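# Architecture at a glance
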Amino acid sequence: MGRRTKGAAAAEAASPVTVTVCRGCCCGTAAKHPGVDHAGQLERLKAGVGTAGRVRAVNCIDACDHSNVVVVSPSSEGRRAGGRPVWLGWVLAEDMLDDICQWVRDGGPGLAEPPGVLDLQAFTVSRRVGDALAAKD
């Protein structure tokens, strides 16, 4: 493994909680979820997370059976505390968005327990799918 520079170590130390929102072939489409304001969801997450983390939209992350999918990845501090990415499925209701935003503001995976019923939305993905999302960073 190559030697890391001080800049790379500092960037990793400052890595925030990341909320990844799938907006590919199923998630985020009116065809699959009519009546859901997908663009509004994304904006609501960005506003609710604020400076506590970052929100990004990506193309299909290959978990279509759980559409709408949101992945909450720990900050570097949360990862050091044992936090791992949490995959949430069927994120369609406004209260789920509020819970995700609160969780990020509280510290996210590894530093805070998920509020509300988010634990009921969690699911596990294959290593291949998880690695593919990590490669998008």
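See the structure above.
As the structure is a computational prediction, the values presented were derived from the model and not from experiment.

This part covers the pairing of strand β3 (residues 70-73). Burial of the side chains of β3 extends over both faces: V70 and V72 are buried on one face and V71 and S73 on the other. Pairing of strand β1 (residues 17-22) with β3, which is carried by four bridges, proceeds in the antiparallel orientation. When the sheet's bridge partners are listed, T18 is paired in β3 with S73. In the sheet, β3 pairs with strand β4 (residues 86-88) via three bridges, with the strands oriented antiparallel. Looking at the pairing, V70 lines up with L88 of β4.

What follows is about the pairing of strand β2 (residues 53-58). Here β1 runs beside β2; their pairing, made up of six bridges, is parallel. Bridged to V21 within β2 is A57. Following the chain from β1 across helix α2 (residues 38-49) to the adjacent parallel β2, one finds a crossover that is right-handed.

Let's shift gears to the sheet that holds β2. One open sheet accounts for five strands, arranged β2-β1-β3-β4-β5; its pairing is mixed. Bordering the open sheet on either side are β2 and β5 (122-123), each of which pairs with just one other strand. Contacts between helix α4 (residues 94-106) and the sheet are confined to β1, β2, β3 and β4, with β3 contributing the most and set at about 10° to the helix. The sheet contacts of helix α6 (residues 127-135) involve β1, β2, β3 and β4, and relative to β4 the element is tilted by about 100°.

In this section: the packing of aromatic side chains. Applying the stated criterion across every chain, the model contains two aromatic pairs. Here the aromatic rings of W87 and F123 are separated by 6.1 Å at their centres, their planes lie at 70°, and the arrangement is edge-to-face. Here W87 is found in strand β4, whereas its partner F123 is found in strand β5, with 36 residues between them in sequence. The pair W87 / F123 is uniform in exposure class, with both members buried.

Thresholds applied
Residues numbered from 1 in each chain as written. Predicted model: local features only at pLDDT ≥ 70, side-chain atom pairs only at ≥ 80, totals over all residues. Heavy atoms only, no water. Buried < 20%, exposed > 50% of the residue type's maximum accessible area, 1.4 Å probe, protein only. Helix = DSSP H or I, 4+ residues; strand = E, 2+ residues; numbered from the N terminus. Pairing = 2+ DSSP bridges. Right-handed = clockwise from strand over helix to strand, strands pointing away. Contact = heavy atoms within 4.5 Å. Axes fitted to C-alpha atoms, helices over the stretch in contact; angles between N-to-C directions. Phe/Tyr/Trp six-rings, centres within 6.5 Å; stacked < 30°, edge-to-face > 60°.

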